Amino acid sequence: MDKEIIHKFIVNALSEDVGDGDHTSLATIEAGTQGKAKLLVKDTGILAGVELAEEIFREVDPNLKLNIFLRDGAEVKPKDVALEVEGDAQSILKAERLVLNCMQRMSGIATRTHDIVKLLEGTNAKVLDTRKTTPGLRYLEKWAVRIGGGVNHRIGLYDMILIKDNHVDYSGGIRQAIENANRYLRQTGRKLVIEIEVRNLDELEQVLQTGNVNRIMLDNFDFDTLRQAISMINGRYITEASGGITIDNIRDYADCGVDYISVGALTHSVKSLDLSLKAV
């Protein structure tokens, strides 16, 4: 966990939600009232965001006492209690919605990722996330993917060179795009992985003739063409399949022999896990 990123996120999120005060709690609950609440699981899946919840409660009120029963990555079912929090009732309610929003979202992503990881057992393929994340929540969403057993692709535009179709078109072709990328790394002294996307076997052949990349993304290939592409690459480069991949066909993609399979749906259209915080 990157404490600096998390701290900034929590401060911004609390500012968005609390503003100049939780006036409902201030109006209805006498100052200093002590209380206890439990975080109740109402769904089946993989729990994520517990470590983050600890940081949120601590930021809201360092005097809140937490009793953690279930940690990140735990398999959960309805009626499980993930944690209990005890202390100032106004503080508990101030933290409630942010804790739940984060944990529900992260647990949904971890659950979806875990389901896919299970489907890939027995193959060499690993599931990757993408940049198709909620603005401002990327760190949390990619954290949840790891909790679910998946692998993070690049975090943003800054930590990998990924040459896609638009980059190729603007560069004037595959060879030129690759040569430009390598020249840029030499000139800047940066050490970044270079990945290039190809859309057909002709583009793949151009990449193989040019070389100087680390990974090849095979985008929207059918199974027969994907297997042919893997044969052409013959272990010289890391391979990644992407495009049109769902929970129903991902095992078939894995069986084609790719190293990684990227799935945008891990983060862009996941169902949150049902959790609630109840006073006890």
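One can find the structure itself at the top, above this paragraph.
As a starting point, this report considers the structure included with it.

Attention now goes to helix 3 (residues 50-60). Across the 11 residues that make up helix 3, a large majority, 8, are buried. Listed as buried for helix 3 are Val50, Leu52, Ala53, Glu54, Glu55, Ile56, Phe57 and Val60. On the buried face of helix 3, the contacting elements are helix 1 (3-18), strand 3 (65-68), strand 5 (81-88), helix 4 (89-119) and helix 5 (138-147).

Hydrogen bonding along the main chain pairs the strands of a sheet, whether they run parallel or antiparallel. Taken together, the 4 strands give an open sheet; going across it, the order is 3-5-1-12, and neighbouring strands pair in antiparallel fashion. Strands with a single pairing partner mark the edges of an open sheet, and in this sheet they are strand 3 and strand 12 (275-279). Strand after strand, the sheet turns through a mean of 20 degrees between neighbouring axes, direction not considered. Of the strand pairs in this sheet, strand 3 and strand 5 are connected by 4 bridges, and their pairing is antiparallel. Bridge pairing links Leu66 to Val85 in strand 5. Together, strand 3 and strand 5 form the strand contacts of helix 3, whose direction differs from that of strand 3 by roughly 170 degrees.

Once that is clear, we can look at the nonpolar core. Within soluble globular proteins, side chains that are nonpolar generally end up buried alongside one another. One finds Ile216, Leu218 and Ile261 to be the most contacted residues of the largest nonpolar core, which totals 80 residues. When residues of this core are assigned to their parent elements, the largest contribution, 11 residues, is made by helix 4. Sequence-distant contacts of Ile216, defined by excluding residues within four places in its chain, comprise Glu195, Ile196, Val198, Leu204, Val207, Leu208, Ile233, Tyr237, Ile238, Thr239 and Glu240.

Here is what the cut-offs are and how they apply
Residues numbered from 1 in each chain as written. Predicted model: local features only at pLDDT ≥ 70, side-chain atom pairs only at ≥ 80, totals over all residues. Heavy atoms only, no water. Buried < 20%, exposed > 50% of the residue type's maximum accessible area, 1.4 Å probe, protein only. Helix = DSSP H or I, 4+ residues; strand = E, 2+ residues; numbered from the N terminus. Contact = heavy atoms within 4.5 Å. Pairing = 2+ DSSP bridges. Axes fitted to C-alpha atoms, helices over the stretch in contact; angles between N-to-C directions. Core = buried A, V, L, I, M, F, W, Y, C linked by side-chain atoms within 4.5 Å.

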